[in-house]
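Chain residues, written in single-letter form:
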Amino acid sequence: MNAQAGTPATFDVQRIRADFPLLARTVHGKPLVYFDNANTSQKPYQVIEAVDRHYREHNANVSRAVHLLGEEATAAYEGARDALARFIHAPSRDELVLTSGTTQAANLVAYSFALPRLRPGDAILTTVLEHHANIVPWQLVAGRAGATVKAAPIDERGELIVEQYLAMLTPEVKLACVGHVSNVLGTVNPVREIAKECRKRGIPLFVDGSQAVPHRAVDVQALGCDFYALTGHKMLAPTGTGALWAKKEHLDAMPPFFGGGDMIREVRFDGTTFADVPHKFEAGTPNIAGFAGVAAAIDYYDALGFEALRAHEKSLLEHATARLRDIPGLRIFGEAADKEPVISFLIEGAQATDLATLLDLEGVAVRSGHHCAHPLMQFFGIPATLRASLAFYNTHAEVDAFVAALLKVRKLLR
Ligand code: PMP
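These remarks concern the structure in this document.

Empty pockets left among the atoms are what a rolling probe the size of a water molecule brings to light. Evaluated as defined, the whole model comprises two cavities of 30 Å³ or more. Approximately 80 Å³ is the volume found for the largest cavity. Lining the largest cavity are 14 residues, and of these Ser-41, Pro-214, His-215, Lys-234 and Ala-391 sit closest to its centre. In terms of residue class, the lining of the largest cavity is made up of eight nonpolar, four polar and two charged. Shared between two domains, the lining of the largest cavity holds at least three residues of each, these being domain 1 (13–31 + 305–412) and domain 2 (48–302). One number sums up the size of the second largest cavity: a volume of about 30 Å³. For the second largest cavity, the full set of lining residues is Gln-104, Leu-108, Phe-257, Phe-258 and Phe-281. Partitioning the lining of the second largest cavity into residue classes produces four nonpolar, one polar and no charged.

Listed below in structure tokens is the structure:
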């Protein structure tokens, strides 16, 4: 069998792996198989060196200093904004608010956009499939306003029931939310279709893109949403980086969320005025070195190209799914027609955490637990799953090593 069927001949995964120093290490004396990419990705040396270079050669604070280092640090930070705008095809760099990640982006939308618009009896619509970051911020502001959070259902395959989502877009809904890709099941939601229906009804749409941007080219204009949140650490960049893209009209209308330095025009006790967007949302010193890493991460994706990456990941997903389906007593959760390389599963008679702990001893890093998606676990009536989440730098041989380790540890639990 050609284990690499589907991977383009030009996609040299071994050469790519050589860019990721951590992939060469061993864990408990075994070669590492890192299948926890939906949790956080590993970083190529191009990103690591960009961060290192920033501290060695350019370190200063942004926007404040007139000296050369200050200009260089500002150029690095603002360069990341340009790169992110290009990466998701935003119409303007000024529509990109740099954040610490998706969680901060969602909370910014919750407090600055949703809360001022919510009246008692209003609602925010999300789905059963979401990460807590696309549920809890809405609950917090809905609770303050006397509004509610509604959740659109999914089916047994882990696909959003789109007709029901659309039927729930009633006039009291002041914000609709959906994840682009599920972190637990890999399900890709039909954002474009949902956005079109939201527009017809005049309801703004927030999209959690955390799990989409590492796997596919995203074009926020083609998607037609109002807000798109992403996180850097899942897309090769350092932790503590991310962004919120929002339509300029929304950003202009939103009051600042965090107050402090860098977000003001003039501070007076008889009335402070604020900087223009996006700076009015970026109080305090940001993760400058981290954003130097974001720009390098985007350069990395640009050089690789999503087309080849996707073909390889699709081939990996098919291989892993087929191998897992052969294991008696194993149930895969999430069998959407359109899914990214994330596989949640359970094996009859074995606890997810026990399996993950034993797999770790075999060098295999997978996640076990609720994956910050309690409502989804409640839907399936389970407390946890094991999740193998793959990236473009994973190999078919690693899938085979993972399956062999799984068969071995399952025997130990019998
Ligand atoms: N949404 C989804 C779908 C996620 O997978 C995650 C991270 N697990 C988040 C939001 C939270 O993002 P961050 O780590 O940037 O806070």
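Following both chains from N to C, one finds helix α3 (residues 68–87) and helix α10 (residues 288–304) inclined at 40°, their axes separated by 8 Å at the closest point. The pairing of α3 with α10 is recorded here as oblique in orientation. Note on packing geometry: the crossing formed by α3 with α10 is left-handed. Residues Ala-73, Ala-76, Tyr-77, Ala-80, Ala-83, Leu-84, Arg-86 and Phe-87 of α3 lie in contact with α10, whose contacting residues are Ile-288, Phe-291, Ala-292, Val-294, Ala-295, Ile-298, Tyr-301 and Asp-302. Residues belonging to the contact of α3 with α10 are distributed by class as follows: 14 nonpolar, no polar and two charged.

We now examine the packing of aromatic side chains. A full pass over the atoms with the stated rule returns 18 aromatic pairs. On the numbers, 5.2 Å between centres and 10° between planes, the contact of Tyr-111 with Phe-257 is stacked. Of this pair, Tyr-111 sits in helix α4 (residues 102–117) while Phe-257 sits in the loop between α9 (248–253) and β11 (264–266), and the two are 146 residues apart along the sequence. Under the relative-accessibility criterion, Tyr-111 is labelled buried at 19%. Relative to Phe-206, the ring of Trp-138 has its centre 5.1 Å away and its plane inclined at 70°; by these criteria the two rings are edge-to-face. You can see Trp-138 sitting in helix α5 (residues 136–145) and its partner Phe-206 sitting in strand β8 (residues 205–208), a full 68 residues away along the chain. Across the pair, Phe-206 and Trp-138 agree in class, each one buried. Grouping aromatic residues by their ring pairs yields a cluster made of Phe-20, Phe-87, Tyr-300, Tyr-301, Phe-306, Phe-392 and Tyr-393.

Here Leu-236 lies in the loop between β9 (227–231) and β10 (242–246). Taking relative accessible area as the criterion, Leu-236 reaches 1% and is therefore assigned buried. Sequence separation between Leu-236 and Asn-37 is 199 residues, and the spatial gap between their C-alpha atoms is 9.7 Å. The contacts of Leu-236, once residues within four sequence positions are left out, are Phe-20, Ser-41, Gln-42, Lys-43, Pro-44, Val-47, Ala-297, Tyr-300, Tyr-301, Phe-392 and Tyr-393.

Within the largest apolar cluster, 114 residues are counted, with the highest numbers of intra-cluster contacts made by Tyr-165, Leu-205, Phe-392 and Phe-402. Two domains each donate at least three residues to this core, and these are domain 1 (13–31 + 305–412) and domain 2 (48–302). With sequence-adjacent residues up to four places away left out, Tyr-165 is seen in contact with Leu-125, Thr-126, Thr-127, Ala-152, Leu-160, Ala-176, Cys-177, Val-178, Ile-194 and Leu-205. Listed in part, the 27 residues of the second largest apolar core include Ala-106, Phe-113, Trp-138 and Phe-281.

Attention now goes to the layout of surface pockets. Its volume calculated, the largest pocket comes out at about 350 Å³. Lys-314, Leu-317, Glu-318, Ala-337 and Lys-339 are the residues nearest the centre of the largest pocket, which is lined by 16 residues in total. Here the lining of the largest pocket takes seven residues from helix α11 (residues 306–325), the largest share from any one element. Of the residues belonging to the lining of the largest pocket, the class tally is five nonpolar, two polar and nine charged.

Spanning 14 residues, helix α2 (residues 45–58) covers 18 Å between terminal C-alpha atoms, matching the ideal 20 Å at 1.5 Å per step. The set of residues buried in α2 consists of Val-47, Ala-50 and His-54. Of the surrounding elements, those touching the buried residues of α2 are α3 and α10.

Right, let's talk about the sheet that holds β9 for a bit. What the seven strands build is an open sheet, ordered β4-β10-β9-β8-β7-β5-β6; its pairing is mixed. Either end of the sheet is taken by a strand with one partner, and the two such strands are β4 (96–99) and β6 (148–152). Neighbour-to-neighbour, the strand axes of this sheet turn through a mean angle of 20°, independent of strand direction. Sheet contacts for α5: β5 (123–127), β6, β7 (173–179) and β8; angle to β6, the most-contacted strand, approximately 145°.

Conventions adopted
- Residues numbered from 1 in each chain as written.
- Predicted model: local features only at pLDDT ≥ 70, side-chain atom pairs only at ≥ 80, totals over all residues.
- Heavy atoms only, no water.
- 1 Å grid on protein atoms, 1.4 Å probe; cavity = no way out; pocket = protein on both sides within 12 Å on 5 of 7 lines; lining within 4 Å.
- Points joined across faces, edges and corners; volume = space filled by probe spheres on them.
- Nonpolar A, V, L, I, M, F, W, Y, C, P; charged D, E, K, R; others polar.
- Domains from an automatic or database assignment.
- Axes fitted to C-alpha atoms, helices over the stretch in contact; angles between N-to-C directions.
- Helix = DSSP H or I, 4+ residues; strand = E, 2+ residues; numbered from the N terminus.
- Parallel < 35°, antiparallel > 145°, perpendicular 65-115°, else oblique.
- Left-handed = near helix turned anticlockwise from the far one by under 90°.
- Contact = heavy atoms within 4.5 Å.
- Phe/Tyr/Trp six-rings, centres within 6.5 Å; stacked < 30°, edge-to-face > 60°.
- Buried < 20%, exposed > 50% of the residue type's maximum accessible area, 1.4 Å probe, protein only.
- Core = buried A, V, L, I, M, F, W, Y, C linked by side-chain atoms within 4.5 Å.
- Expected span 1.5 Å × (residues − 1).
- Pairing = 2+ DSSP bridges.

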